[in-house]
Amino acid sequence: MQTPGALPPILHDHPLQAAGRRLLDVDQLDERRVTEVTTTEHGVLAVGVTPDGTPFATGNLCRHQFAKLGRGRVTDDGCLECPWHRAAYDVTDGTMTAGPKGRIFGFKPYSWAIKAFGNVAPLRTFPVEVRDGAIWLVEGLD
Ligand code: FES
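As annotated in an unreviewed UniProt entry, the protein is Rieske (2Fe-2S) protein from Mycobacterium yunnanensis.

Visitor: It is not clear to me how the sheet that holds strand β3 (residues 34-39) should be interpreted in this structure. Could you clarify?
Guide: The strands making up a sheet associate through hydrogen bonds between their backbones, and the pairing can be parallel or antiparallel. What the five strands build is an open sheet, ordered β1-β3-β4-β5-β10; its pairing is mixed. Because the sheet does not close on itself, it has two edges, and the strands there are β1 (16-17) and β10 (125-126). Strand direction decides the pairing type here: β3 and strand β4 (residues 43-49), joined by six bridges, are antiparallel. Residue pairing across strands places valine 37 opposite leucine 45, the latter belonging to β4.

Visitor: What is the right way to read the pairing of β3 from this model?
Guide: The two faces of the sheet receive side chains in turn, since in a regular strand these alternate between them. Where burial is concerned, most of β3 is hidden: five out of the six residues are buried. Pairing analysis gives two bridges linking β1 to β3, with the strands arranged parallel. If you follow leucine 16 over to β3, its bridge partner there is valine 37. Linking β3 to β4, which pair antiparallel, is a turn of three residues.

Visitor: It is not clear to me how the sheet that holds strand β7 (residues 79-81) should be interpreted in this structure. Could you clarify?
Guide: Taken in spatial order, the four strands line up as β6-β7-β8-β9 in an open sheet, and their pairing is antiparallel. The two strands at the open ends of the sheet, each matched to only one other strand, are β6 (73-74) and β9 (96-98).

Visitor: Where do I start with the UniProt feature "domain: Rieske" (unreviewed entry) in the protein in this structure?
Guide: Residues given the UniProt feature "domain: Rieske" (unreviewed entry) here are residues 21-137. From the first C-alpha to the last, residues 21-137 spans 5 Å; its make-up is 11% helix and 37% strand.

Visitor: Looking at this structure, how should I read the nonpolar core?
Guide: Note on soluble globular proteins: their nonpolar side chains tend to be buried together. The biggest cluster of nonpolar side chains holds 30 residues, and the ones touching the most others in it are Leu23, Val47, Ala57, Leu80, Ala87 and Val128. Contributing elements (two or more residues each) for this core: β2 (22-25), β3, β4, β5 (55-59), β8 (88-90), β9 and β12 (134-137). For valine 128, the contacting residues outside a window of four places in its chain are Leu23, Pro55, Phe56, Ala57, Ile135, Trp136, Leu137 and Val138.

Visitor: How should the environment of threonine 38 be read in this particular structure?
Guide: Examined against the element boundaries, threonine 38 turns out to sit in strand β3. The partly exposed category is assigned to threonine 38, around which 16 C-beta atoms lie within 10 Å. In this structure, threonine 38 is in contact with Pro15, Gln17, Ala18 and Val44, ignoring residues within four places of it in sequence.

Parameters at a glance
- Per chain, the residues get numbers from 1 upward, laid out in the order the sequence is written.
- Per-residue local features are limited, in this predicted model, to residues with pLDDT of at least 70; the limit for side-chain atom pairs, both in listing and counting, is 80 or more; totals at the level of whole chains, interfaces and linings are taken over all residues.
- Pairing between strands is defined by DSSP: at least two bridges between the two strands are required.
- Secondary structure elements are taken from DSSP: a helix is a run of H or I of four residues or more, a strand is a run of E of two residues or more, and numbering for both begins at the N terminus.
- Partly exposed residues are those falling between the two cut-offs: more than 12 but fewer than 20 other C-beta atoms within 10 Å of their own, whereas 20 or more means buried and 12 or fewer means exposed, with C-beta atoms placed from the backbone.
- UniProt positions are given in the numbering used here, feature names are shortened, and annotations may be inferred rather than shown by experiment.
- Any nonpolar core is a set of buried residues, restricted to Ala, Val, Leu, Ile, Met, Phe, Trp, Tyr and Cys, that join up through C-beta atoms within 7 Å.
- Here the contact rule is simple: place C-beta atoms from the backbone, and any two residues whose C-beta atoms are within 7 Å are in contact.

Laid out in structure tokens, this is it:
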């Protein structure tokens, strides 16, 4: 599942605009549990919640072929899944927990190599908290 579009999800899909450190209201998230949010400080982030309600904010660019992760989804086990070839990321530390999938990019040695690279260059992660029904960047840290 991803946000719709004719092109591969390498383009932004109308990111929400943060108001300073207030990223978005939790109820702005749909069943994908993640979306793109433009921030002044860090550019566009993938912001969402895991199924247990833990908020997160990470870099938005898949380490494989640069799809926008905020257009993907959060899986039932709490990983951020790329909307293109479904690589999965741990939202707590930005590491890739599973490489790309599919007939071509799921070829195991290739998929493992991408995963290894993804763990050399993990996604940036940003400390966030839920306050007043919204996800906020935690002040003073990044
Ligand atoms: S672009 Fe993300 S897995 Fe291929």
